[in-house]
Amino acid sequence: MVYHLFDSPRLGLLIALLIEIVLFLAWSFTNGRIRKLYLLVGPVLAGLFILIDVIVQTNREQLEMITCRIVQAAEDENAPGIISHISDNFLLDNGFDKMMAARAIETKLAKPLIANNNISNLRVTRAEDTTGQVEFKVTTTLDPKSRYALIPVVTTFWRFDYARSDNQPFKVRNMTMLWLIPGIVGQKKSPINVFTYR
């Protein structure tokens, strides 16, 4: 189920504000003939929209949250934390499946690699009931003990494709590094396979 209205409480708060303004003006122009109790309608509606926003997790919010968890798990060098969010149907163009991806992630994170990940420009480009897509940028400070530490900071741009079934949480079906260090390695037209770097 898609809850577009609750992706953000802003629309609900705007509706509550407009209702409150109309009620306040009506109360003012009728010299108080409208009961003051009605002036609570706006704040009550605002509170209701905020409560619903907290309770209802939209597809968009779930995709953002899972993406942030994966990036955090990479920073923590927590391979199982990443693998738990990979779909059983994970498949890259070159035939890399979930098992091969899991082995590659475990191997890469077995040695010191990442000191810090800073995620930015996170944008959900598709949030449907069964599929989703997220694009984001990560600025990574490499661990000084890493074999890649000659370049202390690396910027990458990613696209994760998600899928789910039967109202289960979204899982990554495909991950693509669109570029590594903008303008130097990779372009949006020729993405990099993060597992083989080809």
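Look up a bit, the structure's there.
**Some details on the packing of helix 1 (residues 10-29) against helix 2 (residues 41-55)**
Here is step 1 of the chain: The contact between helix 1 and helix 2 brings their axes to 8 Å, and the two run at 175°. Here helix 2 runs roughly antiparallel to helix 1, going by the angle between their axes. Counted together, Gly 12, Leu 13, Ala 16, Ile 19, Glu 20 and Leu 23 of helix 1 and Val 41, Gly 42, Pro 43, Leu 45, Ala 46, Phe 49 and Ile 50 of helix 2 form the full contact between these two elements.
Here is step 2 of the chain: A breakdown of the residues in the contact of helix 1 with helix 2 according to their chemical character gives ten nonpolar, two polar and one charged.

**Section: the sheet that holds strand 2 (residues 131-142)**
Here is step 1 of the chain: Spatially, four strands are ordered 1-2-3-4 in an open sheet, and the strand pairing comes out antiparallel. Two strands in the sheet have a free side with no partner beyond their single neighbour: strand 1 (114-127) and strand 4 (171-180). Averaged over all pairs of adjacent strands, the angle between their axes in this sheet comes to 25°, without regard to strand direction.
Here is step 2 of the chain: For strand 1 and strand 2, the ladder comprises ten bridges, and the chain directions are antiparallel. Note that in strand 2 the partner of Arg 123 across the bridge is Glu 135.
Here is step 3 of the chain: Along the sheet face, helix 3 (residues 59-75) touches strand 1, strand 2, strand 3 (153-163) and strand 4 and points at about 160° away from the line of strand 1.

**What to know about the environment of Val 172**
Here is step 1 of the chain: Of note, Val 172 is situated in strand 4.
Here is step 2 of the chain: Spatially, the C-alpha atoms of Val 172 and Ile 86 are 4.6 Å apart, while their sequence positions differ by 86 residues.
Here is step 3 of the chain: If near-sequence neighbours (up to four positions away) are discounted, Val 172 is found in contact with Ile 70, His 85, Ile 86, Ser 87, Phe 90, Phe 160, Asp 161 and Tyr 162.

**Examining the pairing of strand 4**
Here is step 1 of the chain: Extensive coverage of strand 4 is indicated by the burial of eight of its ten residues.
Here is step 2 of the chain: Across eight bridges, the pairing between strand 3 and strand 4 is antiparallel. Pairing of Tyr 162 across the sheet is with Val 172, part of strand 4.

About the cut-offs
- Residues numbered from 1 in each chain as written.
- Predicted model: local features only at pLDDT ≥ 70, side-chain atom pairs only at ≥ 80, totals over all residues.
- Heavy atoms only, no water.
- Axes fitted to C-alpha atoms, helices over the stretch in contact; angles between N-to-C directions.
- Helix = DSSP H or I, 4+ residues; strand = E, 2+ residues; numbered from the N terminus.
- Parallel < 35°, antiparallel > 145°, perpendicular 65-115°, else oblique.
- Contact = heavy atoms within 4.5 Å.
- Nonpolar A, V, L, I, M, F, W, Y, C, P; charged D, E, K, R; others polar.
- Pairing = 2+ DSSP bridges.
- Buried < 20%, exposed > 50% of the residue type's maximum accessible area, 1.4 Å probe, protein only.

Structural measurements only, silent on function.
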